[in-house]
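Structural overview for review
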Amino acid sequence: MSAAPRFTSLPGTKVSAVRSLLLTSTGIITLDPIIGGGIPVGSILLLEEDEGSTYSKLMLKCFLSVGLSCGHPLFIATQKTAPQSVAKELMPSLEETNVPEHKLLPKDSQDELKIAWRYQNAPQLDSTRSSPSSFSQVFDLSQTVSEDTLGKADIKYFPECFDKDQFTYDELFSAIQTVVLERHHVDHPKLKTVLKIGIQGLGSDLWQGDLVRFMYKLSNLIKSSYACVMITLSTSCLDPGTVSRCQHLADIVLRLDTLSPGDRDHYLNEYHGLFYISKQSSMNSLGVHIPDSNDWGFKLKRRRFIIEKLHLPPELQDSKQREQDDSIPRITCGGGGPSSKSAALDF
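Now for a description of the structure that goes with this document.

Conventions we followed
Residues numbered from 1 in each chain as written. Predicted model: local features only at pLDDT ≥ 70, side-chain atom pairs only at ≥ 80, totals over all residues. Heavy atoms only, no water. Helix = DSSP H or I, 4+ residues; strand = E, 2+ residues; numbered from the N terminus. Contact = heavy atoms within 4.5 Å. Areas by Shrake-Rupley, 256 points an atom, 1.4 Å probe, with all protein chains shown as cover. Buried < 20%, exposed > 50% of the residue type's maximum accessible area, 1.4 Å probe, protein only. Salt bridge = Lys/Arg side-chain N within 4 Å of Asp/Glu carboxyl O. Pairing = 2+ DSSP bridges. Axes fitted to C-alpha atoms, helices over the stretch in contact; angles between N-to-C directions. Parallel < 35°, antiparallel > 145°, perpendicular 65-115°, else oblique. Nonpolar A, V, L, I, M, F, W, Y, C, P; charged D, E, K, R; others polar.

Structural notes on the overall build of the chain
Secondary structure assignment for the chain yields 10 helices and 15 strands. Counting only contacts in the chain whose residues sit at least 6 apart along the sequence, the fraction spanning at least 24 positions is 75%. Carbon and sulfur atoms make up 50% of the accessible area of the chain, which totals about 18700 Å².

Here you go:
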């Protein structure tokens, strides 16, 4: 309990009173409540990539963007492209773009506010205490941060230059370990911020070495530091056994499943894919956070990435189909034969 005042001084974080955890945002305001309020500091979030890695890369950029906006130091690692190019694609927050937040809210959310207008001024109960800096922020996907902002930010890249075709997991871990031990270990006397580490395309053929061994060493390092990690995992390049062991070593495991135009029916037409929660964090608790639904979908607007509960309407058939169903003989609790319209008991 004595650590709480120290926690609240860190920018872009909040303390969960339920599990006594220091949380940071994923950068997606619709995702934070689903996983228990945010990503616990000292944990690893493993995101299984979708086909083409389009949406997983977008979620990684949101994670790094909120860190940049809150003044967190960043560590970006990828071999699919230059890590500097990932930093150039980070998005600014609404406070920096001066775009009204209601213009980025989905239409359903605006309608909901109109219906519940009488509750807008009512106090809301929250089991977390936020730091002075904003925790959950909304980002405009149509814009990127300025070069001046990137120049002032504290960002480490891996690899810093592509002087060879492939890099090993040991080299990546050594680079992360150096940054963590210098400034973000729990024993550091001048700790004032949280390190955000983003790794893209782990498990692809561009990396060499033992992936499971890397995950094991990284998990032990992060648990004793003020840092959190988001990893996008290329499951298509790995065998199921390796994927399962990586999931076991991560604290939170999420999966994206994109829907092709042919897979969408008229109920899922507004969604670009399905969102699955494979594992929730159990840090400082005997149980895990249980969201109010297991069915989630995601969609990409022009300016926002939204994860929301699937609202599937009941299957409504036309009158002709209902007439055909009514003409089918039904079994009653009486004699076991076809029922008539005058039957008193009919199930």
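A closer look at the side chain of Ser 281
Within the secondary structure layout, Ser 281 lies in the loop between strand E13 (273–279) and strand E14 (296–300). A relative accessible area of 2% places Ser 281 in the buried class. Leaving out residues up to four positions away in the same chain, Ser 281 has contacts with Arg 19, Pro 40, Asp 251, Ile 252, Gly 287, Val 288 and His 289.

Considerations on the pattern of salt bridges
Enumeration according to the criterion identifies 12 salt bridges in this entry. Asp 154 is paired through a salt bridge with Arg 183; the nearest N and O atoms lie 2.5 Å apart. A residue pair is termed long-range when its members are at least 10 positions apart, and Asp 154 in the loop between helix H6 (147–152) and strand E7 (155–158) and Arg 183 in helix H7 (residues 169–184) qualify at 29 residues. Put simply, Glu 270 and Lys 299 hold a salt bridge, and the shortest N to O gap is 3.0 Å.

Points about unusual backbone geometry
Of the consecutive residues Phe 158 and Pro 159, the connecting peptide bond is found in the cis state with omega at -5 degrees. Along the chain, the position of Pro 159 falls in the loop between E7 and strand E8 (167–168). Non-glycine residue Ser 20 carries a positive phi angle of around 55 degrees. Position of Ser 20 relative to the elements: it lies in the loop between strand E1 (13–16) and strand E2 (21–24). Taking the relative accessible area as the measure of exposure, Ser 20 reaches 42% and is therefore partly exposed.

Points about the pairing of strand E9 (residues 195–202)
In terms of burial, E9 is largely enclosed, as eight of its eight residues are buried. Bridging between strand E5 (residues 74–77) and E9 involves four bridges; their strand directions are parallel. What sits directly across from Phe 75, in E9, is Ile 197. Bridge analysis of E9 against strand E11 (residues 227–233) gives six bridges, and the strand direction is parallel. Note on E11: the bridge partner recorded for Leu 195 is Ala 227.

Overview of the packing of helix H8 (residues 211–223) against helix H9 (residues 240–249)
Their axes nearest at 9 Å, the elements H8 and H9 cross at an angle of 0 degrees. In terms of their interaxial angle, H8 and H9 are classed as roughly parallel. In this structure, H8 uses Leu 211, Val 212, Met 215, Tyr 216 and Ser 219 to contact H9, whose residues at the interface are Thr 242, Arg 245, Cys 246 and Leu 249. The class makeup of the residues in the contact of H8 with H9 is six nonpolar, two polar and one charged.

Notes on the packing of H7 against H8
Running from N to C, H7 and H8 cross one another at 5 degrees; their axes reach a closest spacing of 10 Å. With respect to their mutual orientation, H7 and H8 come out roughly parallel. Of H8, the residues touching H7 (which contributes Tyr 169, Asp 170, Leu 172, Phe 173, Ile 176, Gln 177, Val 180 and Leu 181) are Leu 211, Arg 213, Phe 214, Lys 217, Leu 218 and Leu 221. Class assignment of the residues belonging to the contact of H7 with H8 gives a composition of 10 nonpolar, one polar and three charged.

Observations regarding the sheet that holds strand E12 (residues 252–258)
Across a sheet, strands are paired by hydrogen bonds formed along the backbone, either parallel or antiparallel in direction. Pairing is mixed across the open sheet formed by nine strands, whose spatial order is E7-E5-E9-E11-E4-E12-E13-E14-E15. Pairing within the sheet leaves two strands with one partner each, and these edge strands are E7 and strand E15 (305–309). Neighbouring strand axes in the sheet, compared pairwise and without regard to direction, differ in orientation by 20 degrees on average. Sheet contacts for helix H2 (residues 54–69): strand E4 (44–48), E5, E9, E11, E12, E13, E14 and E15; angle to E9, the most-contacted strand, approximately 165 degrees.

Considerations on the pairing of E2
Side chains Leu 21 and Leu 23 of E2 all project onto a buried face; the interleaved residues Leu 22 and Thr 24 project onto the opposite face, where all are buried too. In this structure, E1 lies alongside E2, joined through four bridges in antiparallel fashion. Of the residues in E2, the one forming a bridge with Thr 13 is Thr 24. What sits between the antiparallel neighbours E1 and E2 is a turn of four residues, in which Ser 20 has the positive phi angle 55 degrees. Two strands pair when backbone bridges link them, and E2 and strand E3 (residues 39–40) are joined in this way by two bridges, in the antiparallel orientation. Each bridged residue has a counterpart across the sheet, and for Thr 24 the counterpart in E3 is Ile 39.

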